Amino acid sequence: MAATITHNIDAVLKGLDLYARTKVPKAARVAIGRLGFDIANKFVPDRMNIVFERPNQFTLKSLNYKVVSNYEVQLDFRKDVGKGNDPARYLYPSTVGAPAYETKFSRYLHAAGIAPPSYYPVPVRSNLKLNSYGKPSQGEYTKAWNGLQSRYGSKSKGAYRYFSVPDMRPGGQSGGMRFRSVSARSNRLGNGIYRVKGSKEKGNLDLQLLFTYAKSKPRTPNIFDYQSFVAKVVERRAEGTFRRAFKEALK
């Protein structure tokens, strides 16, 4: 989502003498740097707070800016993030209205052969620990990821075990899994990712549904028209920012 926005400053340059014109490149570089900083650190984060529900600091600080010449600043969102999800990818659907970004957790389930390609995990927030932004914590995804990798869960006393319904790996549950419940009946569990601790026989069974499965990729509406928004900010502020920088350069 790199953006290149241009603005004509000819109106400012009319009538300048030769000396004043020598100050234009320096003033332009200062102005474009200030404008890039304000867009990345104020205007776009403010817009995110309006259109998104409680965006976290990682998202709010995800826009980078770089002055590449006296007359150009580049704006782009972070990508190739080591941990978590890339803002450049997960924000893109909201800028055009498109299928939602597939998270690393979802991609893992598919790559590991656990969930069918058309299944997408949807968190059950009431059964997950939430972060300060009201979203499932990264730790919950990590625990589920590690638990599913082990297939049979931790063998330590009192530890949770994790399983998926369905589980398409060899020997996994390709259909609704049967699980003995506290009511002593065999109930067919719905599709999803579960964690369980204890046993029915000991009377301490704790079974929780952590993620359901959507059978189609959710769509994200076009709520963050990033490039149009930035273009409007530039239109409103570029000339004034340049005039101030030019005045400083003449001192």
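Quick note: structure is the one above.
The structure contained in this document is the topic of the report that follows. Worth saying up front: this structure is predicted, and the values here are computed from it rather than measured.

Below, the discussion takes up the nonpolar core. Among the nonpolar cores identified, the biggest contains 21 residues, and Ile39, Val44, Met48, Leu63, Phe77, Phe224 and Tyr226 are the most heavily contacted of them. Those elements giving two or more residues to this core turn out to be helix 3 (24-51), strand 2 (72-77) and helix 9 (226-249). For this core, the element with the highest residue contribution is helix 3, accounting for 7 residues. Listed in part, the 14 residues of the second largest apolar core include Phe105, Ala115, Leu210 and Phe211.

Moving on, we get to the packing of helix 3 against helix 9. When two helices pack together, their arrangement is given by the angle between the helix axes and by the axis-to-axis distance. At a minimum axis distance of 8 Å, the contact between helix 3 and helix 9 shows a crossing angle of 140°. As judged from the angle between their axes, helix 3 and helix 9 are oblique. For helix 3 against helix 9, the interelement crossing comes out right-handed. Residue classes in the contact of helix 3 with helix 9 are distributed as 19 nonpolar, 1 polar and 4 charged.

Along strand 2, the buried face is formed by Val73, Leu75 and Phe77; none of Glu72, Gln74 and Asp76, which line the opposite face, is buried. Where strand 1 (residues 63-69) lies against strand 2, 6 bridges are found, and the strand directions are antiparallel. Residue pairing in the sheet places Tyr65 in a bridge with Leu75 of strand 2.

The 4 strands are arranged 4-9-8-5 in an open sheet whose pairing can be described as antiparallel. At either margin of the open sheet sits one strand with a lone partner, and together these are strand 4 (120-123) and strand 5 (161-165). Along the sheet, successive strands turn relative to each other by an average axial angle of 30°, direction set aside. The pairing of strand 8 (residues 192-197) with strand 9 (residues 206-214) spans 5 bridges and is antiparallel. Paired with Arg195 across the two strands is Gln208, which belongs to strand 9. Each of strand 4, strand 8 and strand 9 touches helix 7 (residues 104-111); the most contacted strand, strand 4, lies at about 140° to it.

Thresholds applied
- Starting from 1, residues in each chain are numbered consecutively following that chain's sequence as written.
- For this predicted model, a pLDDT threshold of at least 70 governs which residues receive local features, and a threshold of 80 or more governs which side-chain atom pairs are given and counted, while totals over whole chains, interfaces and linings are taken from all residues.
- Excluding hydrogens and water, the side-chain values take into account all heavy atoms of the structure.
- Among the buried residues, those of types Ala, Val, Leu, Ile, Met, Phe, Trp, Tyr and Cys that are joined through side-chain atoms within 4.5 Å form a nonpolar core.
- Relative accessibility thresholds used throughout: buried, under 20% of the residue-type maximum; exposed, over 50%; partly exposed, between the two (1.4 Å probe, protein chains only).
- Every helix listed is a DSSP run of H or I at least four residues long, and every strand listed is a run of E at least two residues long, numbered separately from the N terminus.
- Each axis is a line fitted through C-alpha atoms, and for a helix only the stretch in contact is used; angles between axes span 0 to 180 degrees, taken between their N-to-C directions.
- Between 65 and 115 degrees an angle is taken as roughly perpendicular, under 35 as roughly parallel, over 145 as roughly antiparallel, and anywhere else as oblique.
- Left-handed describes a crossing whose near helix is turned anticlockwise from the far helix through less than a right angle; right-handed describes the clockwise counterpart.
- Gly falls in the polar group here, along with every residue not listed as nonpolar (Ala, Val, Leu, Ile, Met, Phe, Trp, Tyr, Cys, Pro) or charged (Asp, Glu, Lys, Arg).
- At least two bridges found by DSSP between two strands are what make those strands a pair.
- In what follows, residue pairs with any heavy atoms lying within 4.5 Å of each other are defined as contacts.

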